[in-house]
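The residues making up each chain are set out below.
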2 protein chains.
Amino acid sequence: MKVKKDMMSGEDIRNAGLKVTLPRVKILGVLEQLEHGHVSAEDLYKLLLDAGEEIGLATIYRVLTQFESAGLVTRHHFEGGQSVFELDRGDHHDHIVCIRCGKVEEFFDQTIEDRQQEIATSKGFAVEAHALTIYGYCKDPKCKGS
Amino acid sequence: MKVKKDMMSGEDIRNAGLKVTLPRVKILGVLEQLEHGHVSAEDLYKLLLDAGEEIGLATIYRVLTQFESAGLVTRHHFEGGQSVFELDRGDHHDHIVCIRCGKVEEFFDQTIEDRQQEIATSKGFAVEAHALTIYGYCKDPKCKGS
DNA sequence: AGCCGAATGCAAAAGCTTCTCATTTGTTGC
DNA sequence: GCAACAAATGAGAAGCTTTTGCATTCGGCT
Ligand SMILES: [Mn+2]
Ligand SMILES: [Mn+2]
Ligand SMILES: [Zn+2]
Ligand SMILES: [Zn+2]
């Protein structure tokens, strides 16, 4: 039974078998309050600094990786070097990214999901994951048309 | 009218506005003869060394990037750090990768392509590109089941 | 309060890719 | 063919993102 979570807390950290430390709580807090749910480790680091929390970048990377293993966070490899993270609220989705302004929108399409499964099966593969990202220009006047 | 090319040559390099140099010809040659068409810059470097061609890694990266701009080569960002390159024979396709042995298979599915276009349009995006990679375990006994 | 292992911060290191610059190589016009 | 010049190459340094080592600090438990 998959439930879409709205609120993460220290409970989730504890349930992942991790100590509930200040850095972890703060990182989870920032991820939760993000309007655009997608951030790089570096951006998260800066957001925390702005919020007055001095958490080392190494810790950010470590914690994000642990959160990922625990299923609290999802990591994406969009083009452009840096990994991007977002809270995993239990709703799988794919992304469409504007290559001009960087805006990220999410979508889910059962038809695509089904076809992927069929293709994998037909080739003898057992699907574990997939990454689908569409790149293009968004409807913003500044981005529309090259 | 899209034609699937079987053979690349110095002509293609020249048409891209590039000088027909020995390193570029050799790199194109290796890419062409690959059974599994997907290689990292590092692997390509080693393959050339094995073939007795001492071409600097920096040159490999430069040339691959130029070939990419010229449409001779496609670059993929599979998980695992390194970029992977393959000759662009004009036939767009996506990939399914074994997370155990690394095998890469290709597929093309018009239904998925169409749905992507529809989704992008519905969100006001003009599609420029997309990356779809399925990860799983291939049918090889060594890979099957975790 | 005090113990102990886990977590953190910092700096160093690693992994991949790009850049700098002196030297070499294609190409073009005699 | 050959000189002339711009373009390309090789080697190493540098750049970026991410990981790691280690001394110190912190969280959970008595
Ligand atoms: Mn998302
Ligand atoms: Mn391919
Ligand atoms: Zn945009
Ligand atoms: Zn396999």
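The structure displayed is predicted, hence computed values, not measured ones.

Caption draft 1: Local environment of the protein's contact with DNA strand D. As a matter of local geometry, DNA strand D sits amid 22 residues, with Y61 and S83 of chain A together with T21, R24 and T59 of chain B nearest to it. At a separation of 3.4 Å, a phosphate oxygen of DNA strand D approaches a polar backbone atom of V20 of chain A. Between a phosphate oxygen of DNA strand D and a side-chain N or O atom of T59 of chain B, the distance comes to 2.7 Å. With four residues, helix 4 (residues 57-69) of chain B is the single largest residue contributor to the surface near DNA strand D. Across the surface near DNA strand D, the residue classes break down as eight nonpolar, seven polar and seven charged.

Caption draft 2: Quick look at the domain arrangement of chain A. All names here are of chain A. Here chain A is described as being made up of domain 1 (1-90) and domain 2 (92-146). Domain 1 and domain 2 are separated by 22 Å when their C-alpha centres are compared. Listed by partner, the interface residues are six residues for domain 1 and eight residues for domain 2. For the pair domain 1 and domain 2, the summed buried area comes to about 550 Å², and 61% of that belongs to carbon and sulfur atoms. For the pair domain 1 and domain 2, the number of links is zero salt bridges. At the boundary of domain 1 with domain 2, the tally comes to five residue pairs in polar contact (both at pLDDT 80 or more). Among the residues forming the side of domain 1 that touches domain 2, the class breakdown is one nonpolar, three polar and two charged.

Caption draft 3: Structural view of the coordination of the manganese ion (ligand 1). Residue and element names in this part refer to chain A. Around the manganese ion (ligand 1), the protein contributes the donor atoms H38 (NE2), E86 (OE), E86 (OE), H93 (NE2), H95 (NE2) and E106 (OE), which lie 2.1 to 2.4 Å from the metal centre. Around the manganese ion (ligand 1), the six donor atoms are arranged such that angles at the metal cover 57 to 166°; this shape is classified as irregular. For E106, a relative accessible area of 35% corresponds to the partly exposed category.

Caption draft 4: Highlighting the pattern of salt bridges. Scanning all chains against the criterion turns up 13 salt bridges over all chains. For D109 of chain B, the salt bridge identified is with R115 of chain A, shortest N-O distance 2.4 Å. On the criterion of chain membership, the pair formed by D109 of chain B in the loop between strand 5 (104-107) and helix 5 (110-122) and R115 of chain A in helix 5 (residues 110-122) is interchain, its members lying in two chains. Look at D109 of chain B and you get buried, because its relative accessible area is 6%. When the shortest N-O distance is used, the salt bridge between E68 of chain B and R75 of chain B registers 3.0 Å. The class of E68 of chain B is partly exposed, set by a relative accessible area of 31%. Overlapping salt bridges, with partners in common, bring together K103 and E105 of chain A together with K123 of chain B in one network.

Caption draft 5: Representation of the sheet that holds strand 2 (residues 73-76) of chain A. An order of 1-3-2 (chain A) is seen for the three strands of this open sheet, with the pairing classed as antiparallel. Each end of this open sheet is capped by a strand with a single partner; those strands are strand 1 (39-40) and strand 2 of chain A.

Caption draft 6: Highlighting the sheet that holds strand 2 (residues 73-76) of chain B. All names here are of chain B. Taken together, three strands build an open sheet; the order of strands is 1-3-2 and the sheet is antiparallel. For this open sheet the edge positions go to strand 1 (39-40) and strand 2, each flanked by a neighbour on one side alone. As defined by bridge partners, strand 1 adjoins strand 3 (residues 84-87) across two bridges and the pair is classed as antiparallel. Note on strand 3: the bridge partner recorded for V39 is F85.

Caption draft 7: Examining the nonpolar core more closely. Core analysis: the biggest nonpolar cluster contains 22 residues, and I96, F107 and F125 of chain A together with I96, F107 and F125 of chain B have the highest contact counts within it. For this core, the elements supplying multiple residues, two or more each, are strand 4 (94-98), helix 5 and strand 6 (126-137) of chain A together with strand 4 (94-98), helix 5 and strand 6 (126-137) of chain B. Setting aside chain neighbours within four positions, we find I96 of chain B in contact with A120, K123 and F125 of chain A together with K103, V104, E105, F107 and I134 of chain B.

Caption draft 8: Structural context of the coordination of the manganese ion (ligand 2). For the manganese ion (ligand 2), every protein donor is listed as H38 of chain B (NE2), E86 of chain B (OE), E86 of chain B (OE), H93 of chain B (NE2), H95 of chain B (NE2) and E106 of chain B (OE), and the spread of their distances is 2.1 to 2.4 Å. Here the manganese ion (ligand 2) binds six donor atoms, and the angle range of 56 to 166° at the metal identifies the geometry as irregular.

Caption draft 9: The arrangement of the relation of the copies chain B and chain A in detail. Screw-axis analysis of chain B against chain A gives a translation of 0.0 Å along the axis, an RMSD of 0.1 Å, and a rotation angle of 180°. On the angle and the small slide along the axis, the relation comes out as a two-fold axis. Closest to the rotation axis within chain B is the C-alpha of L132 of chain B, separated from it by 2.1 Å. Looking at chain B, 100% of its interface residues are interface residues in chain A too, so the copies touch through the same face.

Scoring rules and cut-offs
Residues numbered from 1 in each chain as written. Chains lettered and ligands numbered in written order. Predicted model: local features only at pLDDT ≥ 70, side-chain atom pairs only at ≥ 80, totals over all residues. Heavy atoms only, no water. Near = heavy atom within 4 Å. Polar contact = N/O pair within 3.5 Å; in protein donor to acceptor, adjacent residues only side chain to side chain. Helix = DSSP H or I, 4+ residues; strand = E, 2+ residues; numbered from the N terminus. Nonpolar A, V, L, I, M, F, W, Y, C, P; charged D, E, K, R; others polar. Domains from an automatic or database assignment. Contact = heavy atoms within 4.5 Å. Buried area = accessible area lost by both parts, 1.4 Å probe. Salt bridge = Lys/Arg side-chain N within 4 Å of Asp/Glu carboxyl O. Donors = N, O, S within 2.8 Å, 3.2 Å for Na, K, Ca; no water. Tetrahedral: all angles 85-135°; square planar, octahedral: opposite > 155°, others 65-115°. Buried < 20%, exposed > 50% of the residue type's maximum accessible area, 1.4 Å probe, protein only. Pairing = 2+ DSSP bridges. Core = buried A, V, L, I, M, F, W, Y, C linked by side-chain atoms within 4.5 Å. Least-squares fit on C-alpha atoms with pLDDT ≥ 70 in both.

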